[in-house]
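# A structural walkthrough
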Amino acid sequence: MSEQKTLLLTGASRGIGHATVKHFHAAGWRIFTASRQNWVEDCPWVEGVLNHIHFDLEDIDSVQETLPLIKEKLGGRLDALVDNAGISPKGVDGSRLGVRQTDYATWLRVFNVNLFSCALLANGLFDELRASQGSIINITSIAGARVHPFAGSAYASSKAALSALTREMANEFGRYGIRVNAIAPGEIETSILSPGTDEIVARQVPMQRLGKPEEVASLIYFLCNSGASYVNGAEIQVNGGQHV
């Protein structure tokens, strides 16, 4: 019998992250989640609470300090690291924050969560990923390649940088059997859609509908399995054709 595979996912409490946990759990994977949020009680398995690691990706010192605990829990191998956590600050009225509205503290907070923590987790868990010939999936965004009416400048810049980091890690880690890919979602149906999303879908999305979190989760799962064993350094658009 083959050894049970292990997933570590950041940002599991809702949306794409929550759907991903459900998908991998249904496939029999052992799952660890990591975020500053407590475990969401509507996830229907007991080990979800036991395997949740609480730390704040905004606090890089916290990430570094928590790595020994993560490594201990993993027990020497990690088949998939999914960097799903991300923040996109808004103005007091929910408005988009451009460069002129974004102070240094906000830039740093966004980049800590959306970029720097991804690099530090990959580096800190390199041995575990190498041991299992594992896979890293970075969740980028359509906003990383084009100006978006809702995503602010810091968020968009961090996601563009995460695309570059994906290429860098794919090049650096590939020789060790670790594949690194990115998925760039467009308008996905979650509980926090911005007002005006319907208009974007009507005007910009050829498929004329929102994406479902499960449609992203199923692609994450595919990229972490043998069917994608020669896919490395790719960024796959999941947006119903919005990018065209």
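Use the structure listed above.
Residues numbered from 1 in each chain as written. Predicted model: local features only at pLDDT ≥ 70, side-chain atom pairs only at ≥ 80, totals over all residues. Heavy atoms only, no water.

## Quick word on the packing of aromatic side chains
Within the structure shown, the criterion is met by 7 aromatic pairs. Here F111 and F116 contribute two aromatic rings whose centre-to-centre distance is 5.9 Å and whose plane-to-plane angle is 50 degrees, an arrangement assigned as tilted. Seen in terms of ring centroids, F126 and F173 are 5.2 Å apart; in terms of plane orientation they differ by 65 degrees. Their pairing is edge-to-face. Remark: F173 occurs in helix α6 (residues 153-173) and F126 occurs in helix α5 (residues 126-131); sequence separation between them is 47 residues. Here the two residues F126 and F173 agree in accessibility, since each one is buried. These aromatic residues form a ring-pair network of at least three members: F24, W29 and Y221. (Phe/Tyr/Trp six-rings, centres within 6.5 Å; stacked < 30°, edge-to-face > 60°. Helix = DSSP H or I, 4+ residues; strand = E, 2+ residues; numbered from the N terminus. Buried < 20%, exposed > 50% of the residue type's maximum accessible area, 1.4 Å probe, protein only.)

## What to know about the pairing of strand β1 (residues 6-10)
Extensive coverage of β1 is indicated by the burial of 5 of its 5 residues. Both β1 and strand β2 (residues 30-35) contribute to a ladder of 5 bridges, which runs parallel. Along β2, the bridge assignment pairs T10 with A34. A crossover connection joins β1 to the parallel β2 through helix α1 (residues 15-26); in handedness this β-α-β unit is right-handed. Where β1 lies against strand β4 (residues 80-83), 4 bridges are found, and the strand directions are parallel. (Pairing = 2+ DSSP bridges. Right-handed = clockwise from strand over helix to strand, strands pointing away.)

## Points about the pairing of β2
Counting buried residues in β2 gives 5 out of 6 residues, a clear majority hidden from the surface. Relative to strand β3 (residues 52-54), β2 runs parallel, the two being bridged by 3 bridges. In the strand pairing of β3, S35 is matched with H54.

## Overview of the nonpolar core
Membership of the largest hydrophobic core comes to 33 residues, with the highest contact counts inside it found for L8, F55, I70, L81, I136 and F173. For this core, the secondary-structure elements that each account for two or more residues are β2, α3 (60-74), α4 (104-124), α5 and α6. The leading source of residues in this core is α4, at 7 residues. The contacts of F55, once residues within four sequence positions are left out, are A34, S35, R36, S62, V63, T66, I70 and L121. Counting 21 residues, the second largest nonpolar core, distinct from the first, contains V82, I137, I139 and A228. (Core = buried A, V, L, I, M, F, W, Y, C linked by side-chain atoms within 4.5 Å. Contact = heavy atoms within 4.5 Å.)

## Looking at the packing of α4 against α6
Viewed as axis vectors pointing N to C, α4 and α6 meet at an angle of 15 degrees, and their least axial separation amounts to 9 Å. Taken together, α4 and α6 sit at an angle that is classed as roughly parallel. Seen along the crossing, α4 lies across α6 with a hand that is right-handed. Within the contact between the two elements, α4 uses W107, V110, F111, N114, L115, C118, A119 and A122 and α6 uses S153, A154, Y155, S157, S158, K159, A161, L162, L165, M169 and F173. Of the residues contributing to the contact of α4 with α6, the split by class is 14 nonpolar, 4 polar and 1 charged. (Axes fitted to C-alpha atoms, helices over the stretch in contact; angles between N-to-C directions. Parallel < 35°, antiparallel > 145°, perpendicular 65-115°, else oblique. Left-handed = near helix turned anticlockwise from the far one by under 90°. Nonpolar A, V, L, I, M, F, W, Y, C, P; charged D, E, K, R; others polar.)

By themselves, these figures tell us nothing about what the structure is for.
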